[in-house]
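Overview (structure and organization)
Each chain, letter by letter, is given below.
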Amino acid sequence: MQRARVTVRGGVQGVGFRPHAWRLAGELALGGWVSNTAQGVLIEVEGRAEAIDAFVHALEARRPPSARIESLEVAPVAPRGEREFAIRPSARADSLSAAILPDLATCPECLREILDPRDRRYRYPFTNCTHCGPRYSVVEALPYDRERTTMRAFAMCPACAAEYADPAERRFHAQPNACPACGPVLALWDADGRVLAERHDALLGSAQALRDGRIVALKGLGGFHLLVDARNAQAVERLRQRKGRAEKPFALMFPDLVAVRAQCEVSSQEAALLASAQAPIVLLRRLPGTAPGAPVPQAAPGSPELGAMLPYTPLHHLLMRELGFAVVATSGNRSEEPIATDEREVLERLRGVADLFLVHDRPIARPVEDSVARVVLGREMLLRRGRGYAPYPLALPSPGRDGALLAVGAHMKSTVSLAAAGQVVTSSHLGDLDAPEGRDAHEAAARDLAALYEAAPAAMACDLHPDYASTRYAERSGLPLVRVQHHVAHVAACMAENGLTGEVLGVAWDGSGYGPDGTVWGGEFLLLDGARARRVAHLRTFRLPGGERAVREPRRAALGALYEALGEDAFDEAGAASGLNFSPGEMRVLSSMLVSGTHAPFTSSAGRLFDAVAALAGVRQVASYEGQAAIELEWSIGEEHAADLYPIDIVEPEAASAPLVLDWVPMLGSIVRALRQGVPCGSVATAFHRALAEAIAALAVRIRVRRVALSGGCFQNRHLLEWSVERLRTGGFEPFWHRLVPPNDGGVSVGQAAWAAAARAEG
Ligand SMILES: [Zn+2]
Ligand SMILES: [Zn+2]
Ligand SMILES: [Zn+2]
């Protein structure tokens, strides 16, 4: 007889791992026990040596579908003559790692049950098990037990209670376990909250309303969605008007993968991501032409891509099967507000937006938005991190000091992160902080994250920007503050998720961030090492006439860039050659801003340089959402090759300690000439992206640091990322980029947490 102790770390709690071990031990006639611990699961098994080997092998090889094993250690211990195998009750989890898992999409077994007329869960929209269903969106406190979830109001019926108690069942300790006899029920409400139908009739009523072109607000897993028939132009247009969202593409939910493939190119990797337990919205390339059932152009105006997702709860599965066509499925809010989660509140917030409300009585503990991903360079990259991913922790390369640290993020695409015990957990995507609703949601998320993990933060990390609502919130806390420069945070986030320590050249390109020198940064090259950061280079600065207004008006960035290149000749150039379409009055105001330098701050922003080129190329003069001009410039790139390479010079500073400058003025001259000669926009855009990738590689050669981290919103751009990685690799460098932490400002709180933890560790 032998005995072994097996320590399994990772996401192995709440996924049926203990019953998995119990079943294996039974098959192999092993004694011992299994228990949840702070880091994961601890098992002791006793029996014949071959049986123990087989147990350890099968533990990993046949693990439950949603378990994530990070490590598995086996150590011999003294035998005790134990013949029975027991599941011990949970010890209280005190690390971030094992405690709370993300919400996971409906598993194949549960799907089969809800479609089987003989099953007691036939058509039951809240079916779940230990392999799938809500977790983060229902847990109210730790440890994760039913009485501390939003399911506590529902007493399990005898059949559900028996499943819950039986280790041989898939629903052993499935905290949100429910059935039609005991669980939450659906209801269909009119705009005044009057009940029109209940249970399956509510679902059928919603389906009919959608077929009729009406807008339905659906209470899903982590909040409300607004749904409308994606094939109905008038209906989609009405949703745009009511939601206040002019042009930004809507996400779409398709009935199944076959329906997605009818409209989009889907690689095997993209298909796997769509159908994964995380089930994010995946950005896919549209097929040319219009197939039957195609979403109308208003769903994603001008876009060669569609944001597609598959049903991920039983409610979505049942509704989409009933419909059989794609629907727009966008967050239930007015533009840029946080997502609504409560059905009584939603009647007010979505009054005049939704015609009908498909609701249920399972409360949502916190908003969890759909995640958005794309497959690039052979793997997924999250552009928005929420459902399926939050709050799965990330291990920090530098463990930091004792005591938790709360990082409050940036201003756009905000998130909050909590660092403790060498790990960081991050909230779901929260949204922008311009409106009071956004600021309230952000503060609530910060309080929630600390409370949920029972961590009293010893310090806060925030942006350097004094006017961000997140910074002000951190200041009001009265805790010691670590202020992290915006682009340092971007690079630190990329380093953290790639496990990098030591010297790294960070390329942080985005729209804007507060620079310690009083200018607006955004095209930065930063050398990071431990808790030290140095700006080693940046894009040549130019003036933005009207400052922040230029974000909404890319043509202002174009005028500013032309002025930097040509001086006052820019005003003739802007009037003559390009389609910037300023009125004489506007031109007078903007030119005087540029000449006098008033209301025209300097910026080194790469995002604004993209805006300038997009406006000059006639792609976009005035934007209706953040990043629109740069995104549409990226869309204009087809198969064409860049004819010539636009020059970007690296200029030595006058003071030896000052950063190098990447001078794009020669490139701008080439672009203006090419456009004047009638070179197609797509070719110009290709050459522009190529030139930037070339410049990044050339700068890396000058700095001579092998590892290069690419971060900031500009690296959401597929071509910029792919070509930069390609050029860095051929130059002998090792590029790193994002995967599960978004490159945009959604990743800033992660970087702040990582950086502040390292800074505190170094004292
Ligand atoms: Zn399931
Ligand atoms: Zn039941
Ligand atoms: Zn940023």
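Residues numbered from 1 in each chain as written. Chains lettered and ligands numbered in written order. Predicted model: local features only at pLDDT ≥ 70, side-chain atom pairs only at ≥ 80, totals over all residues. Heavy atoms only, no water.

**Focus on the coordination of the zinc ion (ligand 2)**
Every protein donor of the zinc ion (ligand 2) is accounted for by Cys157 (SG), Cys160 (SG), Cys179 (SG) and Cys182 (SG), and the metal-donor separations fall at 2.3 Å. Each of the 4 donor atoms around the zinc ion (ligand 2) contributes to a set of angles spanning 103 to 117°, which defines the coordination as tetrahedral. All donors of the zinc ion (ligand 2) belong to a single chain; written as a sequence motif, their spacing is C-x2-C-x18-C-x2-C. Of this pair, cysteine 157 sits in the loop between α4 (108-114) and α5 (158-165) while cysteine 182 sits in the loop between α5 and β6 (186-189), and the two are 25 residues apart along the sequence. Summarising the burial analysis for this pair, cysteine 157 and cysteine 182 share the class buried. (Donors = N, O, S within 2.8 Å, 3.2 Å for Na, K, Ca; no water. Tetrahedral: all angles 85-135°; square planar, octahedral: opposite > 155°, others 65-115°. Helix = DSSP H or I, 4+ residues; strand = E, 2+ residues; numbered from the N terminus. Buried < 20%, exposed > 50% of the residue type's maximum accessible area, 1.4 Å probe, protein only.)

**Some remarks on the sheet that holds strand β14 (residues 356-360)**
Strand pairing in a sheet relies on backbone hydrogen bonds. The paired strands run either parallel or antiparallel. If you walk across this open sheet you meet the 11 strands as β7-β6-β14-β8-β9-β13-β10-β12-β11-β15-β16, and the pairing is mixed. Because the sheet does not close on itself, it has two edges, and the strands there are β7 (195-198) and β16 (379-384). Mean inter-strand twist for the sheet, computed between neighbouring axes without regard to direction, equals 35°. For strand β8 (residues 216-219) and β14, the ladder comprises 3 bridges, and the chain directions are parallel. Bridge pairing links alanine 217 to phenylalanine 357 in β14. In this fold helix α10 (residues 314-323) packs onto β6, β8, β9 (224-229), β10 (251-253), β13 (327-331) and β14, with an angle of close to 145° to the strand it touches most, β8. (Pairing = 2+ DSSP bridges. Axes fitted to C-alpha atoms, helices over the stretch in contact; angles between N-to-C directions. Contact = heavy atoms within 4.5 Å.)

**Notes on the coordination of the zinc ion (ligand 1)**
In the first shell of the zinc ion (ligand 1), the protein supplies Cys107 (SG), Cys110 (SG), Cys129 (SG) and Cys132 (SG), at 2.3 to 2.4 Å from the metal. Metal-centred angles of 103 to 120° between the 4 donor atoms at the zinc ion (ligand 1) mark the site as tetrahedral. On the primary sequence, the residues serving as donors to the zinc ion (ligand 1) are separated as C-x2-C-x18-C-x2-C.

**Let's talk about the packing of aromatic side chains**
Under the counting rule described, the total for this entry stands at 6 aromatic pairs. Relative to phenylalanine 525, the ring of tryptophan 509 has its centre 6.0 Å away and its plane inclined at 90°; by these criteria the two rings are edge-to-face. Residue tryptophan 509 is found in strand β23 (residues 504-514), and its partner phenylalanine 525 is found in strand β24 (residues 520-529); the two are separated by 16 residues along the sequence. Residue phenylalanine 525 is classed as buried on the basis of its relative accessible area of 0%. A centroid spacing of 5.6 Å and a plane angle of 20° characterise the contact between tyrosine 563 and phenylalanine 571, whose relative ring orientation is stacked. You'll find tyrosine 563 and phenylalanine 571 in the same group, each marked buried. Within the aromatic cluster, the residues linked to one another by ring pairs are Trp509, Phe525 and Phe715. (Phe/Tyr/Trp six-rings, centres within 6.5 Å; stacked < 30°, edge-to-face > 60°.)

**Section: the side chain of threonine 149**
Considering the arrangement of structural elements, one finds threonine 149 in the loop between α4 and α5. Of note is the side chain of threonine 149, whose polar atom sits 2.9 Å from the backbone oxygen of arginine 146. (Polar contact = N/O pair within 3.5 Å; in protein donor to acceptor, adjacent residues only side chain to side chain.)

**Let's talk about helix α18 (residues 584-596)**
For α18, which comprises 13 residues, the first-to-last C-alpha distance of 18 Å matches the rise-based estimate of 18 Å (1.5 Å per residue) to within 8%. Glycine 597 occupies a position one or two residues after α18 and carries a positive phi of about 80°. (Expected span 1.5 Å × (residues − 1).)

**Considerations on the pairing of β24**
Counting buried positions along β24 gives 8 out of 10 residues, so the element sits mostly inside the fold. Adjacent in sequence and paired antiparallel, β23 and β24 are bridged by 5 residues, among which glycine 518 carries a positive phi angle near 90°. Two elements, β24 and strand β25 (residues 532-539), share 6 bridges in a ladder whose sense is antiparallel. Bridge pairing in β25 links leucine 527 to arginine 534. Count of turn residues in the β24/β25 antiparallel hairpin: 2 residues, of which glycine 530 carries a positive phi of about 60°.

**Some remarks on helix α1 (residues 17-27)**
Buried within α1 are the following residues: Phe17, Arg18, Pro19, His20, Ala21, Leu24 and Ala25. As for α1, its buried residues are in contact with β1 (2-11), β2 (31-36), β3 (40-47), α2 (49-61), β4 (68-77) and β5 (85-87). The positive-phi residue at the C-terminal boundary of α1 is alanine 29, with phi of around 55°.

**Here we look at the environment of glycine 26**
Looking at the element boundaries, glycine 26 is found in helix α1. Distance in space between the C-alpha atoms of glycine 26 and methionine 253 is 43 Å, their sequence separation being 227 residues.

**Thoughts on the environment of alanine 271**
By the element assignment, alanine 271 lies in helix α9 (residues 268-274). The spatial distance from the C-alpha of alanine 271 to the C-alpha of valine 595 is 53 Å, given a sequence separation of 324 residues. Apart from the residues within four sequence positions on either side, alanine 271 is in contact with Leu257, Arg261 and Val266.

**Some remarks on the nonpolar core**
Core analysis: the largest hydrophobic core is formed by 115 residues, its most contacted members being Leu505, Trp509, Phe525, Trp664, Met667, Phe688 and Leu710. For this core, the leading source of residues is helix α22 (residues 681-703), giving 12 residues. Setting aside residues up to four positions removed in sequence, phenylalanine 525 forms contacts with Leu505, Gly506, Val507, Trp509, Arg534, Arg535, Val536, Ala537, His538, Leu662, Ile696 and Leu699. (Core = buried A, V, L, I, M, F, W, Y, C linked by side-chain atoms within 4.5 Å.)

**Looking at the pattern of salt bridges**
Applying the stated criterion across every chain, the model contains 53 salt bridges. Of the charged contacts in the structure, one is a salt bridge between glutamate 345 and arginine 349, with a shortest N-O distance of 3.2 Å. Pair noted here: glutamate 345 and arginine 349 are both in helix α11 (residues 343-349), with a separation of 4 residues, about one helical turn. A salt bridge links glutamate 348 to arginine 351; the shortest N-O distance between them is 3.3 Å. Using a relative accessible area of 53% as the deciding quantity, one classes glutamate 348 as exposed. The class of arginine 351 is partly exposed, set by a relative accessible area of 38%. (Salt bridge = Lys/Arg side-chain N within 4 Å of Asp/Glu carboxyl O.)

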